[in-house]
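Listed below are the residues making up each chain.
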Protein chains: 2
Amino acid sequence: MIAERMKPLMANNSAIRTMFEEGGRLKAKYGAENVFDFSLGNPNVPAPAEIKDAVLEIMEEMDPVELHGYMSNAGFEDVRETIAQSINRRFGTGFGSRNIVMTVGAASGLNIVLKTIINPDEEVVIFAPYFLEYNWYVKNYDGKVVQAPTDKETFYPDLDAFEGLITEKTRAVIINTPNNPTGVIYSEETIRKLGEILDRKQKELGTTIFLIADEPYRELAYDGVEVPYVTKYYNNTFVVYSYSKSLSLPGERIGYVVIPDEMEESELVFDTVAAANRINGSVNAPSLQQKIIAKCVDAQVNLEAYDKNRTALYEGLKDCGFDCVKPEGAFYMFIKSPVEDEKEFCAAAKKYNILIVPGSSFACPGYVRLAYCVSYETIVNSMPSFKKLAAEYGL
Amino acid sequence: MIAERMKPLMANNSAIRTMFEEGGRLKAKYGAENVFDFSLGNPNVPAPAEIKDAVLEIMEEMDPVELHGYMSNAGFEDVRETIAQSINRRFGTGFGSRNIVMTVGAASGLNIVLKTIINPDEEVVIFAPYFLEYNWYVKNYDGKVVQAPTDKETFYPDLDAFEGLITEKTRAVIINTPNNPTGVIYSEETIRKLGEILDRKQKELGTTIFLIADEPYRELAYDGVEVPYVTKYYNNTFVVYSYSKSLSLPGERIGYVVIPDEMEESELVFDTVAAANRINGSVNAPSLQQKIIAKCVDAQVNLEAYDKNRTALYEGLKDCGFDCVKPEGAFYMFIKSPVEDEKEFCAAAKKYNILIVPGSSFACPGYVRLAYCVSYETIVNSMPSFKKLAAEYGL
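What counts, and where the lines are drawn
Residues numbered from 1 in each chain as written. Chains lettered and ligands numbered in written order. Predicted model: local features only at pLDDT ≥ 70, side-chain atom pairs only at ≥ 80, totals over all residues. Heavy atoms only, no water. Helix = DSSP H or I, 4+ residues; strand = E, 2+ residues; numbered from the N terminus. Rg over C-alpha atoms; globule rule 2.2 N^0.38 Å. Buried < 20%, exposed > 50% of the residue type's maximum accessible area, 1.4 Å probe, protein only. Contact = heavy atoms within 4.5 Å. Pairing = 2+ DSSP bridges. Least-squares fit on C-alpha atoms with pLDDT ≥ 70 in both. Buried area = accessible area lost by both parts, 1.4 Å probe. Salt bridge = Lys/Arg side-chain N within 4 Å of Asp/Glu carboxyl O. Polar contact = N/O pair within 3.5 Å; in protein donor to acceptor, adjacent residues only side chain to side chain. Phe/Tyr/Trp six-rings, centres within 6.5 Å; stacked < 30°, edge-to-face > 60°. Lys NZ or Arg CZ within 6 Å of the ring centre and 35° of its normal. Patch = residues over 30% accessible without salt bridge, like charges linked within 9 Å, V, L, I, M, F, W, Y side chains within 5 Å. Areas by Shrake-Rupley, 256 points an atom, 1.4 Å probe, with all protein chains shown as cover. Lys, Arg positive; Asp, Glu negative; His and termini not counted. Charge placed at Lys NZ, Arg CZ, Asp CG, Glu CD. Core = buried A, V, L, I, M, F, W, Y, C linked by side-chain atoms within 4.5 Å. Right-handed = clockwise from strand over helix to strand, strands pointing away.

K.L.:
What is the right way to read the overall build of chain A from this model?
P.N.:
A count of helical and extended segments in chain A gives 14 helices and twelve strands. Here chain A has a C-alpha radius of gyration of 21 Å; the compact-globule value for 395 residues is 21 Å, and the two agree. Along the first, second and third principal axes, the C-alpha atoms of chain A reach 60 × 55 × 50 Å. With 395 residues in all, chain A has 63% of them scored as buried. Considering only residue pairs separated by 6 or more positions, chain A has 74% of its internal contacts joining residues 24 or more positions apart.

Now the structure itself:
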């Protein structure tokens, strides 16, 4: 009775729900503190204090008709200008309000960008492993996902293979760095080479290929590692950003899309992204949240908490004998399953009340993802269970 | 360079922008107080005081991780339950949280409902005049709009003609009452007959036909006129609601969809609407706004202000000799153009710094729409100009 196109989604949805329900069942049975839930990318570090201060100030200062009212579909101009200047200060770019469209989070930003550029059957290249929701976003506009390989040790793009996958059908490439699920951050050299390949391919094929940098984890980089600003390396780049992780506001649905002047037909693309924001039903990003961001543009969550978790989990799992690389960013660790069928490994982990996600949920079987946006105690307390799990596999 | 599907939208967009820019130009030239802008449906009555109180309370009371965090794609369960109980108290329905999906306003609610039910080339019947954005929403899912006629005096549906338009291709019917642009409220008798026709047609054709009641103006009803609750008259009804007008929060993007138990495969439809909310990129309705609504579920904007405007504008225009019906709801008046080509009339009005929207923008040429969500002074001060305009047409 539902639309045919929604049926595969709903079949898949039930699998996810089964996993959630199982987690709930375990917590009810053993107590939440005795279940080690590494399955969800829901930030556990609270929003910085600046957010509350900003809300209180705005409610005192602003006229409610303006604060809660409609504005341009691209968002409040002052908010966009403030964000642009903040990016310019940090990355030496030259953006203004004309380059920023405020969005209902990054997920909506990706959708309106794809709606703006994708014709039916055009291809979007994505490096695996990746966040599988991208598949649905691309399908929303009748596009096709083409998976590109990464090195199975470093999870860096295999750029030679990538170049071979670019055809006249290629309309866009999505990169996500810092990466979900691997935590990898692409180096400047990688981004530069990627841009060179795309420039070359555009000329060779006479097409326009967009690079979409999905950057909800940009601020979550550890050990001083730099996350290159992608528009500086390739002109036809959209940056899709979210405050979900950088300010721990995932439920508020606030983010933006950057459309640089250097992009082909930049003004038309900007207007089309804003119009897509309107007709997909968002209309505009939530107005109060926009004003909050303008006041908190340089605020940040307590990164040390995630960093402490990262080190504790990495050291702990290595001690257990698991094969893992210390991630440079985001709040995920992607480790090799000790058996080929990583779903079997996830099922074994569940016996110890450890909840982790199979790599096949990220187009990368043989690995599992652990989200360490949990309390430090969860990590410490989970270690005896991980030890028993490792022992089962003779590690 | 943009997607082919977006090109017609952008061609149309330029026309709207030209109108906006002209308004801005007039205001810059003559001063905002000397331009009588009846073109926009942007509420001018501020949000009720309860909104600010609720925000301040929530910021003090709630844990930020919960407040700003992800929840179910359908929204916070407590918020949904509170809304359901409020509807039950007012309309004698029997809803619970299982019947409510929180959305990024009504525009997004309509989109996720259409995404849930429409297969390519299926038809959506809409009574003209109507809010033309519906066309884009239906096209987003490759559906087709079929316009149904209304009586040109009362703007009530022509139900005989409507019945003749229902075919095996008909998947949904959209009604919008109180109506934009006419201000008409459908009577209980009309809603009942509409439901009977759909029931009969479903049986006759062996299909499922959904009725979608788009109700952003539900609370804006004057003179004690009742707005029937549509789920009571037809089982396969979605109610799509927004707080944009009832609480003057249009920029905040907060609303909901009602999926009654009586709908066919109600649970699957609920889950699919929630999943559509996720994959269209909204993920969930903004979390702080959800919590605000739960605290303000029975608050309302100052309806008297709109009512005063309604009467002043109606009396004033009638005095001028214009052919108009006093609207029962919303904040629009839809009047007959004194010349067949209403665009000519709109151009003439602009000479007097009066900005109004041609009926052809609502699939109803020969009429014009005036939005009276403006200051009372705007209405009073505009009357000498309306008199001169009327004189031009010998009224």
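K.L.:
Just to check I follow, could you spell out the sheet that holds strand 12 (residues 367-371) of chain A for this structure?
P.N.:
The pairing of strands in a sheet comes from backbone hydrogen bonds and takes either a parallel or an antiparallel form. All names here are of chain A. Pairing is antiparallel in the open sheet, where three strands are placed in the order 9-12-11. Every interior strand has two partners, whereas the edge strands, strand 9 (332-336) and strand 11 (357-358), have only one. Two elements, strand 9 and strand 12, share five bridges in a ladder whose sense is antiparallel. Residue pairing for strand 12: Met333 is matched across the bridge by Leu370.

K.L.:
Help me understand the relation of the copies chain A and chain B, please; the structure alone is not making it clear to me.
P.N.:
For the pair of chain copies, the relating operation is a rotation around an axis with a shift along it. With an RMSD of 0.0 Å, the operation that places chain A on chain B is a rotation of 180 degrees combined with a shift of 0.0 Å along the axis. Interpreted geometrically, this transformation is the action of a two-fold axis. A symmetric contact is evident, with 100% of the interface residues of chain A recurring at the interface of chain B.

K.L.:
Explain the interface of chain A and chain B to me, please; I cannot follow it from the model alone.
P.N.:
Note on interface size: it is often stated as the accessible area lost on association of the parts. Taken together, the contact between chain A and chain B spans 76 residues of the former and 76 residues of the latter. A combined buried area of about 6100 Å² lies between chain A and chain B, and 56% of that area is made up of carbon and sulfur atoms. It is Met1, Tyr70 and Ile279 of chain A that lose the most area in chain A upon contact with chain B, and together they represent 13% of the buried surface on that side. For the pair chain A and chain B, the interface holds six salt bridges. The residue Glu60 of chain A makes a salt bridge to Lys52 of chain B at a minimum N-O spacing of 3.1 Å. At the junction of chain A with chain B, the criterion picks out 38 residue pairs in polar contact (both at pLDDT 80 or more). At the level of secondary structure, the elements contributing two or more residues to the side of chain A that touches chain B comprise helix 1 (7-30), helix 2 (49-61), helix 3 (64-67), helix 5 (105-117), helix 6 (133-139), helix 9 (243-246), helix 10 (266-279) and helix 11 (287-295) of chain A.

K.L.:
Quick question: what am I supposed to make of the packing of aromatic side chains here?
P.N.:
In this description, a pair of aromatic rings is defined by centroid distance and the angle of the planes. On inspection of all chains with the given rule, the structure shows 46 aromatic pairs over all chains. Measuring from centroid to centroid gives 5.5 Å for Tyr217 of chain A and Tyr332 of chain A, while their planes differ by 80 degrees, and the two rings are edge-to-face. Of this pair, Tyr217 of chain A sits in the loop between strand 6 (210-214) and strand 7 (237-242) while Tyr332 of chain A is found in strand 9, placing the two residues 115 residues apart along the sequence. Site record: aromatic cluster; members linked through ring pairs are Phe38, Phe322, Phe345, Phe386 and Tyr393 of chain A. Directly above the ring of Trp136 of chain B sits Lys139 of chain B, whose terminal nitrogen or CZ lies 4.5 Å from the centroid. One Lys or Arg, Lys308 of chain B, reaches over the ring of Tyr376 of chain B and ends 4.1 Å from the middle of that ring.

K.L.:
What is the right way to look at a negative patch on the surface in this model?
P.N.:
Residues and elements named next belong to chain A. The grouping of Asp151, Glu153, Asp158, Asp160 and Asp323 at the surface amounts to a negative patch. Take Asp160: it is sitting in helix 7 (residues 159-165). Judged by its relative accessible area of 67%, Asp160 falls in the exposed class.

K.L.:
Quick question: what am I supposed to make of the nonpolar core here?
P.N.:
The nonpolar side chains of a soluble globular protein tend to be buried, and buried together. By size, the foremost hydrophobic cluster in this structure holds 68 residues, and its most contacted members are Ile83 of chain A together with Ile83 of chain B. Apart from the residues within four sequence positions on either side, Ile83 of chain A is in contact with Ile100, Met102, Tyr243, Tyr256, Ile293 and Val297 of chain A.

K.L.:
Please clarify how the environment of Cys346 of chain A should be interpreted in this entry.
P.N.:
Residues and elements named next belong to chain A. By the secondary structure assignment, Cys346 is in helix 13 (residues 342-351). Between the C-alpha atom of Cys346 and that of Ala391, which follows or precedes it by 45 residues, the distance is 15 Å. Not counting residues up to four positions away in its chain, the partners in contact with Cys346 are Ile356, Val357, Pro358 and Val368.

K.L.:
Would you explain a nonpolar patch on the surface in this entry?
P.N.:
Among the surface-exposed residues, Ile16, Phe20 and Leu40 of chain A lie close enough to one another that they form a single nonpolar patch of about 250 Å² accessible area. Here Ile16 of chain A is to be found in helix 1.

K.L.:
What is the right way to look at the pairing of strand 4 (residues 144-148) of chain B in this model?
P.N.:
Strand residues, when the strand is regular, have side chains that alternate between the two faces of the sheet. Residues and elements named next belong to chain B. Taken together, the five bridges between strand 3 (residues 123-127) and strand 4 define a ladder with parallel strand orientation. The residue of strand 4 that forms the bridge with Ile126 is Gln147. In terms of handedness, the path from strand 3 via helix 6 (residues 133-139) over to strand 4 forms a crossover that is right-handed.

K.L.:
Explain helix 10 (residues 287-295) of chain B here, please?
P.N.:
The buried fraction of helix 10 of chain B is high, at seven of nine residues. What helix 10 of chain B keeps buried is the set Ser287, Leu288, Gln289, Gln290, Lys291, Ile292 and Ile293 of chain B. Next to the buried residues of helix 10 of chain B lie helix 11 of chain A together with helix 2 (49-61), helix 3 (64-67), helix 4 (77-91) and strand 2 (100-103) of chain B.

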